[in-house]
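These are the residues of each chain, in order.
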Amino acid sequence: MGGNLLRRHPPGATDMTGTQPGVEARPAGTPKAVGIVWALLALNTLGSAGAKTVVTLPRSLIQMATMGALVAAFTLALALNLRLRVRPSAFVFLLTLLLVPSVISSANLEVGYGALFRCARFALFVGTLWLLSRWWNGDLTFVRYHIRMYFAVLVTVAAGLVVAPGTAMPEYYGGRLVGALWPLTPPQIGQYAAVIIGLTVLLLLGRAADRASAVVIIVPSVVLLALTHTRTATLGLLISLVLAISSLVLTSSAARRFFAWTVLIATVAAVAFSSALQSWYLRGQTQENLSNLTGRAKVWDALLAEPRTTGEKVFGVGLSDKSFGGLPIDNSWLAVYHEQGLIGITIVATLIAVLGGVALLRPPSVPRACAIFLISYCAISSYTEAGLGDASPYLLHLGLAASLLALPTAAATPLATTAVPRRRVPRWARR
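Residues numbered from 1 in each chain as written. Predicted model: local features only at pLDDT ≥ 70, side-chain atom pairs only at ≥ 80, totals over all residues. Heavy atoms only, no water.

A.B. asks: Sorry, what's going on with helix 13 (residues 296-305) here?
C.D. replies: Along an α-helix, residues three or four positions apart point the same way, because every turn accommodates 3.6 residues. Of the residues making up helix 13, those classed as buried are Arg296, Val299, Trp300 and Leu303. One face of helix 13 carries all of its buried residues, which in axial projection span an arc of 100°. Turned more than 90 degrees off the buried face of helix 13, the exposed positions are Lys298, Asp301 and Ala305. On the buried face of helix 13, the contacting elements are strand 1 (323-324), strand 2 (327-328) and helix 15 (332-361). (Buried < 20%, exposed > 50% of the residue type's maximum accessible area, 1.4 Å probe, protein only. Helix = DSSP H or I, 4+ residues; strand = E, 2+ residues; numbered from the N terminus. Arc of directions from axis to C-beta. Contact = heavy atoms within 4.5 Å.)

A.B. asks: Even after reading the chapter, I still don't get the nonpolar core, so can you show me in this structure?
C.D. replies: Taken as a class, soluble globular proteins show a tendency for nonpolar side chains to be buried jointly. If you look at the biggest cluster of nonpolar residues, it comprises 96 residues, and the most contacted ones within it are Phe91 and Leu398. No other element matches helix 7 (residues 186-205), which puts 12 residues into this core. Not counting residues within four places of it along the chain, the set of residues in contact with Phe91 comprises Leu129, Trp136, Leu351, Leu355, Leu395, Leu398, Gly399 and Ala402. By size, the runner-up hydrophobic cluster in this structure holds 8 residues, among which are Val299, Leu303, Leu334 and Tyr337. (Core = buried A, V, L, I, M, F, W, Y, C linked by side-chain atoms within 4.5 Å.)

A.B. asks: Just checking my understanding: could you explain the packing of helix 1 (residues 33-44) against helix 2 (residues 59-80) for this structure?
C.D. replies: The packing of two helices is summarised by the inter-axis angle and the distance between the axes. Helix 2 packs onto helix 1 with a crossing angle of 155° between their chain directions and a minimal axis gap of 8 Å. As summarised for this structure, helix 1 and helix 2 are arranged roughly antiparallel, according to the angle between their axes. Our pair here, helix 1 against helix 2, has a crossing hand that is left-handed. Taken together, the residues of helix 2 that come into contact with helix 1 (itself represented by Ala33, Val34, Ile36, Val37, Leu40, Leu41, Leu43 and Asn44) are Thr66, Met67, Ala69, Leu70, Ala72, Ala73, Leu76, Ala77 and Leu80. The residue makeup of the contact of helix 1 with helix 2, split by class, is 15 nonpolar, 2 polar and no charged. (Axes fitted to C-alpha atoms, helices over the stretch in contact; angles between N-to-C directions. Parallel < 35°, antiparallel > 145°, perpendicular 65-115°, else oblique. Left-handed = near helix turned anticlockwise from the far one by under 90°. Nonpolar A, V, L, I, M, F, W, Y, C, P; charged D, E, K, R; others polar.)

A.B. asks: Which parts of the structure should I look at to understand helix 3 (residues 90-106)?
C.D. replies: Spanning 17 residues, helix 3 covers 24 Å between terminal C-alpha atoms, matching the ideal 24 Å at 1.5 Å per step. Those residues of helix 3 that fall on the buried side of the exposure criterion are Phe91, Val92, Leu94, Leu95, Leu98, Leu99, Pro101, Ser102, Ser105 and Ser106. (Expected span 1.5 Å × (residues − 1).)

A.B. asks: Please clarify how the packing of aromatic side chains should be interpreted in this entry.
C.D. replies: One pair of aromatic rings is described through two measures. These are the centre distance and the angle between the planes. Scanning the model with the defined rule gives 6 aromatic pairs in all. With 5.1 Å between their ring centres and 70° between their planes, Trp38 and Phe142 make a pair best called edge-to-face. Of the two residues, Trp38 sits in helix 1 while Phe142 sits in helix 5 (residues 141-163), which places them 104 residues apart along the sequence. Phe142 matches Trp38 in its accessibility class, with the two residues each being buried. Consider the rings of Trp300 and Tyr383, whose centres lie 5.4 Å apart with planes at 70°: the pair is edge-to-face. Of this pair, Trp300 sits in helix 13 while Tyr383 is found in the loop between helix 16 (366-381) and helix 17 (393-405), placing the two residues 83 residues apart along the sequence. Tyr383 sits in the partly exposed class, given a relative accessible area of 48%. In this structure, Lys52 is placed above the aromatic ring of Tyr172, and the distance from its NZ or CZ to the ring centre is 5.8 Å. (Phe/Tyr/Trp six-rings, centres within 6.5 Å; stacked < 30°, edge-to-face > 60°. Lys NZ or Arg CZ within 6 Å of the ring centre and 35° of its normal.)

A.B. asks: Hey, could you run me through the packing of helix 7 against helix 9 (residues 231-246) in this one?
C.D. replies: Relative to each other, helix 7 and helix 9 sit at 20°, their axes nearing to 9 Å. Classed by the angle they form, the pair helix 7 and helix 9 counts as roughly parallel. Two packed elements cross with a definite hand, and for helix 7 against helix 9 that hand is right-handed. Contacts between helix 7 and helix 9 involve Gly190, Gln191, Ala194, Ile197, Gly198, Val201, Leu202 and Leu205 from the former and Ala233, Leu237, Leu241, Ala244 and Ile245 from the latter. The residue makeup of the contact of helix 7 with helix 9, split by class, is 10 nonpolar, 3 polar and no charged.

A.B. asks: What's the story with the pattern of salt bridges in this structure? I'm lost.
C.D. replies: For the structure shown, the criterion picks out 3 salt bridges. A salt bridge links Arg296 to Asp330; its shortest N-O distance comes to 3.4 Å. Taken as a pair, Arg296 in helix 13 and Asp330 in the loop between strand 2 and helix 15 lie far apart in primary sequence, 34 residues in all. Residues joined in a network through salt bridges with shared partners are Lys322, Glu339 and Asp390. (Salt bridge = Lys/Arg side-chain N within 4 Å of Asp/Glu carboxyl O.)

A.B. asks: Sorry if this is basic, but what is going on with the side chain of Ser89 here?
C.D. replies: The topology assignment puts Ser89 in the loop between helix 2 and helix 3. When its relative accessible area of 11% is taken as the criterion, Ser89 is described as buried.

A.B. asks: What am I meant to see in the environment of Ile343 here?
C.D. replies: The topology assignment puts Ile343 in helix 15. Under the relative-accessibility criterion, Ile343 is labelled partly exposed at 30%. Each C-alpha atom, one on Ile343 and one on Gly316, is 8.6 Å from the other, the two residues being 27 residues apart in sequence. Sequence-distant contacts of Ile343, that is, excluding residues within four places in its chain, are made with Pro101, Val314 and Phe315.

A.B. asks: Help me understand the environment of Ala193 in this model?
C.D. replies: Positionally, Ala193 belongs in helix 7. Using a relative accessible area of 0% as the deciding quantity, one classes Ala193 as buried. Along the backbone, Ala193 and Ile217 are 24 residues apart, and their C-alpha atoms lie at a distance of 9.3 Å. Non-local contacts of Ala193, meaning those with residues more than four positions away in its chain, are made with Leu154, Ser221 and Leu225.

In structure tokens:
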């Protein structure tokens, strides 16, 4: 997929990012190994728990692989940035602040020694982002890294579906698609598919990707997203993509045409296939089960009703596995409140607000549209998915948004030398 995700244009033509299409959009001096660091960060956030795989993989082995990927990412980033040159970033600074309540609450060992391990993992994750911030330049470099990594993950999912369809769509998940080679849950697969679909569509509209390579990415991803039956990912993709394309409508004729055709096709499909869409959305659930969000509301009510000390309300109980009473919390805000307290919620809310505010202030461009898409998607998904308070794919998505909103590094220009007028010397003085 690599460089093929770029559309070739006549020499001298430029796309909406201000760079010449057909040329890899990587700022001068960015090592290719930076893409490896980004892929290792993504590998670390895949997690170690999920569906049963074709070949049973011990959870300890998967944890070693994911944690080893994070250590390797930090080490490689440090080797690439030995002088520790970083760019000022409100996003990474707020993540660093989030470490404070995480460490304070985890030090009580209320949830065990695993909390300290998760704090160390979070610190390595944030440290790697600081080291990578040197190459955040507001272009599409890290978008391509993001798409390549998660498309590779989806390739393994598709391979598992071909090799063992029964394992890839088990009955205990209601026939929804899971990872048969690597333990991935339907929400995870839906999230990865939705994110790369949205980013690829925006690159295509900005003439930063050719149609052939975009189709190769979008079509299989849409199929996998449909097989996961993930409502959050689907709604997040549609709403976020509408917001992102709306930011391009005034400056891009391609965005206007795509928006108009999408609205027309969506309207016709909603009328013609309303029963099929409703059946897909319900996933065989009753209205009562759907109203309490598949049992999530019961966990949320129990979490909020749990008696807490003042310290637990302010700082939380420490980083855990995002569960309460043995059941997943599945809400980023409640998970942050449970683990990092009111201070954590304040920091995360500020983080989202800062990214959104900066995105609104930037002039229309493809990088800005991609950032709006990512911020919107993470905000929508935070209602039924956890991950905004710890090292996770959602923080990696927001890190990508922060890199897209970074101002381009000003090129160093030599100081202009002003010509000093020569003093006129009288002829008699010359003699």
